[in-house]
Amino acid sequence: AGAGEGDGGTTLDAYGPTRIIYWDTVDANQNLTLYDMKLYDGEMPYDGGAVWASAGSLTVDHVTFDGNIAAGQGGAINWDDGGESAYSLTITNSTFTGNSSSGMSCSSGGAIWAMGSMTVSDSTFTGNSTCDWGGAIYGTRSGASTLTIDHSSFEANHGDRGAAVAVYAEDATFSHDAYTANVASYSGGALYVN
């Protein structure tokens, strides 16, 4: 747990081309929670500019991700459930601003790339971008995984398909969200569901 943002708060700044958090577990029932902090300026030539996490549940609560870059997938967060359906990604009361994924192979998920069940609530996504699917969020199936987005806002995100959110081959629920001035170069100014 951090101490919030600003003076006396908790800001994790990469200060150069490096990822801020790498978390991979092989033990059952391992969970990681990020709370009340800012992750800034992470940069990777691969996946997950700020956070790379696999094979465990990840909870993000009251966290700001600002200006993180991945040449691969997930400018801010790259997460997968490691093939275990019991694991999930939960994001609440968080802010994603100016994160991007735009490598030579044209990767997905300007802010978040997730394989497995993900729930996003009461969060804000502004000015995130990718040259492929999901300017802010890209969600894809693992087993019978689902994507749920509730009471969240998406503004001025950019992507090829799904300027705000792109979903591939999994059930998705969207409720009480706001989509404003998101721009897709191909299809799905707000949402692209395949």
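Residues numbered from 1 in each chain as written. Predicted model: local features only at pLDDT ≥ 70, side-chain atom pairs only at ≥ 80, totals over all residues. Heavy atoms only, no water.

Draft legend 1. The arrangement of the side chain of S108 in detail. On the secondary structure map, S108 appears in the loop between β11 (100–101) and β12 (112–115). A distance of 3.4 Å separates polar atoms of two side chains, one belonging to S108 and the other to D132. (Helix = DSSP H or I, 4+ residues; strand = E, 2+ residues; numbered from the N terminus. Polar contact = N/O pair within 3.5 Å; in protein donor to acceptor, adjacent residues only side chain to side chain.)

Draft legend 2. Spotlight on the packing of aromatic side chains. Counted according to the given criterion, the structure contains 9 aromatic pairs. With 5.1 Å between their ring centres and 5° between their planes, F154 and Y179 make a pair best called stacked. Of this pair, F154 sits in strand β18 (residues 153–155) while Y179 is found in strand β22 (residues 178–180), placing the two residues 25 residues apart along the sequence. Judged by relative accessible area, F154 falls into the buried class, the value being 1%. Ring pairing ties together the aromatic residues F65, F96, F125, F154 and Y179, which thus form one cluster. (Phe/Tyr/Trp six-rings, centres within 6.5 Å; stacked < 30°, edge-to-face > 60°. Buried < 20%, exposed > 50% of the residue type's maximum accessible area, 1.4 Å probe, protein only.)

Draft legend 3. Structural detail: the sheet that holds strand β20 (residues 165–168). Spatially, the 7 strands line up as an open sheet ordered β2-β5-β8-β12-β16-β20-β24, and their pairing is parallel. The open sheet is flanked by β2 (21–24) and β24 (191–193), the only strands paired with a single partner. For this sheet, the mean inter-axis angle between neighbouring strands, taken without regard to orientation, is 5°. Taken together, the 4 bridges between strand β16 (residues 137–140) and β20 define a ladder with parallel strand orientation. Within the sheet, the bridge partner assigned to T140 lies in β20 and is Y168. (Pairing = 2+ DSSP bridges. Axes fitted to C-alpha atoms, helices over the stretch in contact; angles between N-to-C directions.)

Draft legend 4. The arrangement of unusual backbone geometry in detail. The phi torsion at D41 lies on the positive side, around 65°, for a residue other than glycine. Mapped onto the secondary structure, D41 falls in the loop between β3 (31–40) and β4 (43–44). On the basis of relative accessibility, which here comes to 29%, the residue D41 falls in the partly exposed class. One non-glycine residue, H151, lies in positive phi territory at about 50°. Within the element layout of this structure, H151 appears in the loop between β17 (146–150) and β18.

Draft legend 5. Seen up close, the nonpolar core. By size, the foremost hydrophobic cluster in this structure holds 34 residues, and its most contacted members are V51, L58, F65, I77, I112 and I137. In this view, I112 contacts G74, I77, L89, I91, F96, M118, F125, A136, I137 and Y138; residues no more than four positions away in its chain are not counted. Residues W113, W133, Y138 and A166 belong to the second largest nonpolar core, which totals 5 residues. (Core = buried A, V, L, I, M, F, W, Y, C linked by side-chain atoms within 4.5 Å. Contact = heavy atoms within 4.5 Å.)

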